[in-house]
Amino acid sequence: MKVSMYGMSIALFTTGLQQLDHILGKAEANAKERSFAPEVLLAARLAPDMFALDRQVQLTCDFAKNSGARLAGIDPPRFEDNEKTLVELRARATRTLEFLATLTPATIDDSETREIKIPLRDRTLEYPGLAFLQKWALPNFYFHLTTVYDILRHNGVDLGKRDYLGDY
């Protein structure tokens, strides 16, 4: 049985981004309930050498949209990293979901062997599509999504496993 590249990429990114929006919504509600400005959370981080919440959200979205575009063989849309509120971060997740909705199984499936190049600061990584998805796209997407969850949970937002996974 052949596994669908679309099902293993866009479908997973979509669910993860929907849960990202959900947990950011819970963070907004928690801030209101505890009477503090929700923007305080944007600078929260787990360790001094890790990115803060705002950058973790941006990276979660970027790995979804950039990876989806690379698998489809198109240029990803560019988003400026200028969000200053949880509302704006949620809007970024929505824009990312809207972009992913333009990608169809026909544009993603059969991308297992498509050569993917990832320019980094000091080198360029090259993978065939399946290895790119397995070794780069999904691990990075889930790393940043999990870190968002962890930062919010650490800062008192009432989150549980279902908030991360969604309904199953």
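This text goes with the structure placed above it.
Rules used throughout
- Residues numbered from 1 in each chain as written.
- Predicted model: local features only at pLDDT ≥ 70, side-chain atom pairs only at ≥ 80, totals over all residues.
- Heavy atoms only, no water.
- Axes fitted to C-alpha atoms, helices over the stretch in contact; angles between N-to-C directions.
- Helix = DSSP H or I, 4+ residues; strand = E, 2+ residues; numbered from the N terminus.
- Parallel < 35°, antiparallel > 145°, perpendicular 65-115°, else oblique.
- Left-handed = near helix turned anticlockwise from the far one by under 90°.
- Contact = heavy atoms within 4.5 Å.
- Nonpolar A, V, L, I, M, F, W, Y, C, P; charged D, E, K, R; others polar.
- Buried < 20%, exposed > 50% of the residue type's maximum accessible area, 1.4 Å probe, protein only.
- Pairing = 2+ DSSP bridges.
- Expected span 1.5 Å × (residues − 1).
- Polar contact = N/O pair within 3.5 Å; in protein donor to acceptor, adjacent residues only side chain to side chain.
- Phe/Tyr/Trp six-rings, centres within 6.5 Å; stacked < 30°, edge-to-face > 60°.
- Lys NZ or Arg CZ within 6 Å of the ring centre and 35° of its normal.

The subject of this paragraph is the packing of helix H2 (residues 10–33) against helix H4 (residues 86–100). Contact geometry of H2 with H4 gives a least axis separation of 10 Å together with a crossing angle of 165°. Our classification of the angle between H2 and H4 gives roughly antiparallel. As for the relative orientation of H2 and H4, their crossing is left-handed in sense. Contacts between H2 and H4 involve Ile10, Phe13, Thr14, Leu17, Gln18, Leu20, Asp21, Leu24, Gly25, Ala27 and Glu28 on the former and, on the latter, Leu86, Val87, Leu89, Arg90, Ala93, Thr96, Leu97 and Leu100. By residue class, the composition of the contact of H2 with H4 is twelve nonpolar, four polar and three charged.

On to the pairing of strand E1 (residues 115–119). Where burial is concerned, the two faces of E1 differ: the one with Ile116 and Ile118 is buried and the one with Glu115, Lys117 and Pro119 is not. Relative to strand E2 (residues 124–128), E1 runs antiparallel, the two being bridged by five bridges. When the sheet's bridge partners are listed, Glu115 is paired in E2 with Pro128. Taking the residues between adjacent antiparallel strands as the criterion, E1 and E2 are bridged by four residues.

The periodicity of an α-helix, 3.6 residues per turn, causes residues three or four places apart in sequence to face the same way. Between its terminal C-alpha atoms H2 stretches 34 Å, which fits the 34 Å expected from 24 residues at 1.5 Å a residue. One or two steps after H2, the chain reaches Ser35, where phi turns positive at roughly 60°.

Topologically, Arg55 is positioned in helix H3 (residues 53–72). The partly exposed category is assigned to Arg55, whose relative accessible area is 24%. Residues Arg55 and Arg45, ten residues apart in the sequence, show an inter-C-alpha distance of 9.8 Å. Ignoring anything within four residues of it in the chain, the contact list for Arg55 reads Asp62 and Asp81.

This next bit is on the side chain of Asp163. Structurally, Asp163 is set in helix H7 (residues 161–165). Looking at Asp163, its side chain comes within polar contact range of the side chain of His22, at 2.6 Å. Among all residues touching Asp163, those that are not within four sequence positions of it are Gln19, His22, Ile23, Lys26 and Asp158.

What the rule picks out here adds up to four aromatic pairs. Between the aromatic rings of Phe13 and Phe141, the centroid separation amounts to 5.0 Å while the plane-to-plane angle is 70°, which identifies the pairing as edge-to-face. You can see Phe13 sitting in helix H2 and its partner Phe141 sitting in helix H6 (residues 129–154), a full 128 residues away along the chain. In this structure Phe13 comes out as buried when scored by relative accessible area, which is 0%. Aromatic ring contacts, followed pair by pair, group Phe13, Phe141 and Tyr142 into a single cluster. The lysine or arginine in question, Arg55, covers the ring of Phe51, its NZ or CZ lying 5.7 Å from the ring centre. Taking NZ or CZ as reference, Arg95 lies 4.4 Å from the ring centre of Phe79, over its face.

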